[in-house]
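Survey of secondary and tertiary structure
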Number of protein chains: 2
Amino acid sequence: MEAAGNDLLLRALLREPTPRRPVWLMRQAGRYLPEYREARARAGSFMALCTNPQLACEVTLQPIERYPLDAAILFSDILTIPHAMRLGLEFEAGEGPRFAHPVRTAADIARLPLPDPGTDLRYVIDAVALIRRELHGRVPLIGFAGSPWTVATYMVEGGGSKLFPAIKRMIYAAPRELHRLLELLARATILYLNAQIGAGAQAVMLFDTWGGALTPAHYEEFSLPYMAQILDGLTRHADGRVVPRIVFTKGGGAWLDKLLAIGCDAAGVDWTTDLADARARVGDRLALQGNLDPAALHAPPEVLDAEVRRVLESFGRGPGHVFNLGHGITPDVDPQSVARLIEAVRRYRLD
Amino acid sequence: MEAAGNDLLLRALLREPTPRRPVWLMRQAGRYLPEYREARARAGSFMALCTNPQLACEVTLQPIERYPLDAAILFSDILTIPHAMRLGLEFEAGEGPRFAHPVRTAADIARLPLPDPGTDLRYVIDAVALIRRELHGRVPLIGFAGSPWTVATYMVEGGGSKLFPAIKRMIYAAPRELHRLLELLARATILYLNAQIGAGAQAVMLFDTWGGALTPAHYEEFSLPYMAQILDGLTRHADGRVVPRIVFTKGGGAWLDKLLAIGCDAAGVDWTTDLADARARVGDRLALQGNLDPAALHAPPEVLDAEVRRVLESFGRGPGHVFNLGHGITPDVDPQSVARLIEAVRRYRLD
């Protein structure tokens, strides 16, 4: 048993020594949990779940009640900001997000409002405050937002995409307009994350889910500087503690060194990069978060144990590792496998 | 004008000096060309186009007639081998490939036949011979196959996939069965590519389109060794010349050094890796093929010129670069942009 007030996550993100590696899992509050599916059915829709602070709080806490995790992460979505910009967000069953009004032209961009988190995104901020209260200090609460580039892909494409034809066209044919959109999203995200921190988020994460679809030069032009701008604008301390920042560019394992100069404390690492390589490249300048292949949750128990151990050992000794998956848990995972994974991380002692 | 018998591609793939960089484009025979769409409509279906040597030849030559390209690539599909294994391949409109009989169990795998290229894949071999004849030596003809891992993803998932849940489950829960499948595919691919070489293919390429979805350790266990096995089994000379081999693992830019020991002459590089970095890692041991972002074909003409130049310059001086895209041309590309791209490559002289 850890003492009340488990702060392993916050310490590991700042590369302070911890008696064991903290563990949380991307999308730990999600469809693989029967209690989540029940709450989702009660809410009626995904956005109804997100926009109701009571329900968002309930769902955020579900994995914390079930498992000895070391962090809670706000249950929300990376598209709350464009939703607040009134682009008509809908989640069609099995289809992913769709915007009724995609953003394509300079006029579309000029028309976009800067959402006020205190009103337009009040439901998120209320959820953060409520979750903090209900957590009773058991584990830290992570707030989050999408990176401007990643959020912009959905706004411009009008939904999810494989090749990003519309926004890539903007990169080549209308880069100034795209920069204007990204600039607005960065400003909106600073306000949004600072409101989350003000309401009680103790760490924040930027999800740059589609940064890896860019060329290295475009990553440095269209994604990285806007994440840097956000980090530069964020409240650094709350409740007398540093608020650690995590940046996760999926598919960006080869570019980890580019994160060294943008003011984050930790980098998320997906399953396609070896943690030993990642660490060799960032040295002691960043903590690392990751990176078990989420499909390993389908392995037989002993194989899962071995895979967890392989990830822990690939990071090596010393502080600065937060165990996580390389992307979110998929809905087809058996909740018992998640218990086994967490137990395997908690059992491990090498440092 | 080049002399009859443009062999720039073959020389560049072997890192021999060439007066300029050769250029061809993945999926250069494809839906962006009106003459392709016309032939496709005449054939009635994608597979009807593939399985008719006359039509496959016609379509292969379309971009060669239209543009001063330095290579032709056989018009075919990476799923011809599982098609010959009678898994019931269909291409639904806008949906991509579907197998009526996915391969899931040890019994499914044990039941798979080893296709004989001389009979089961005769249509491909006849197409190769016909194309070589119709090319009259203008440019070299590239033959190709999918990598065993990549082909297996379609066979096991039953079609295209984003997260590869079924085959990833096999990796963790039934690795021996998966190895048996990959072994069979490697054997089939050796026969298949040797038959293509026998019929006139002057270079061969392995498309490892989904190798980048693996962890580094799994790439070394489930994709790389089977590509090595194939290369080891291939005819090395034809018509008194070396038959160069290209391996392209999309999303595998960070692993290029792993290709140094498997017997390929050139590595395909996607748009997420900088060619200068790639070259720094493979030195003078591999030629490189790539890697313009295909979306650059939507750029205004001057921007496209600049992007082409950036790719050419990122490779630097010296031999061993074949200009290409980082993945296939998309159907929405204007054929005039392709002309402009090729012209920009041909104009460039730095070496």
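The structure this text deals with has already been given above.
Quick look at the structure, then. No experiment lies behind these values; they were computed from the predicted model shown. (Residues numbered from 1 in each chain as written. Chains lettered and ligands numbered in written order. Predicted model: local features only at pLDDT ≥ 70, side-chain atom pairs only at ≥ 80, totals over all residues.)

1. Examining helix H11 (residues 216-233) of chain A
All names here are of chain A.
- For H11, which comprises 18 residues, the first-to-last C-alpha distance of 25 Å matches the rise-based estimate of 26 Å (1.5 Å per residue) to within 8%.
- At leucine 224, H11 shows its largest kink, close to 35 degrees, and the proline proline 225 lies no more than four residues downstream.
- Residues of H11 that are buried include every one of Pro216, His218, Tyr219, Phe222, Ser223, Leu224, Tyr226, Met227 and Ile230, and no others.
- Tucked inside the fold, the buried residues of H11 contact helix H8 (148-157), helix H9 (165-173), helix H10 (175-199), strand S5 (203-208) and strand S8 (245-249). (Helix = DSSP H or I, 4+ residues; strand = E, 2+ residues; numbered from the N terminus. Expected span 1.5 Å × (residues − 1). Bend = angle between axes of the 7 residues up to and from the residue. Buried ≥ 20, exposed ≤ 12 C-beta atoms within 10 Å, placed from the backbone. Contact = placed C-beta atoms within 7 Å.)

2. With respect to the sheet that holds S5(A)
All names here are of chain A.
- As summarised here, the arrangement of the 7 strands in space is S1-S4-S5-S8-S9-S10-S11, forming an open sheet in which the pairing is parallel. At either margin of the open sheet sits one strand with a lone partner, and together these are strand S1 (72-73) and strand S11 (321-325).
- In the sheet, S8 pairs with strand S9 (residues 266-268) via 2 bridges, with the strands oriented parallel. Looking at the pairing, isoleucine 246 lines up with alanine 266 of S9.
- Sheet strands in contact with H11 are S5 and S8, and its direction is about 165 degrees off that of S5. (Pairing = 2+ DSSP bridges. Axes fitted to C-alpha atoms, helices over the stretch in contact; angles between N-to-C directions.)

3. Describing the nonpolar core
- Grouped together as the largest cluster of nonpolar side chains are 241 residues, with contacts concentrated most on Leu74(A), Ile142(A), Leu185(A), Leu74(B), Ile142(B) and Leu185(B).
- When residues no more than four places from it in sequence are discounted, the contact partners of Leu74(B) are Thr60(B), Ala127(B), Val128(B), Ile131(B), Leu141(B), Ile142(B), Gly143(B), Phe144(B) and Ala201(B). (Core = buried A, V, L, I, M, F, W, Y, C linked by C-beta atoms within 7 Å.)

4. Some thoughts on the relation of the copies chain B and chain A
- Between the two copies, chain B and chain A, the superposition gives an RMSD of 0.0 Å; the rotation angle is 180 degrees and the shift along the axis is 0.0 Å. The transformation relating the two chain copies, once decomposed into turn and shift, fits a two-fold axis. When each C-alpha of chain B is compared by its distance to the rotation axis, Ala254(B) comes out closest, at 3.0 Å.
- In this assembly the copies share their binding face: 100% of the residues contributing to the interface of chain B also contribute to that of chain A. (Least-squares fit on C-alpha atoms with pLDDT ≥ 70 in both.)

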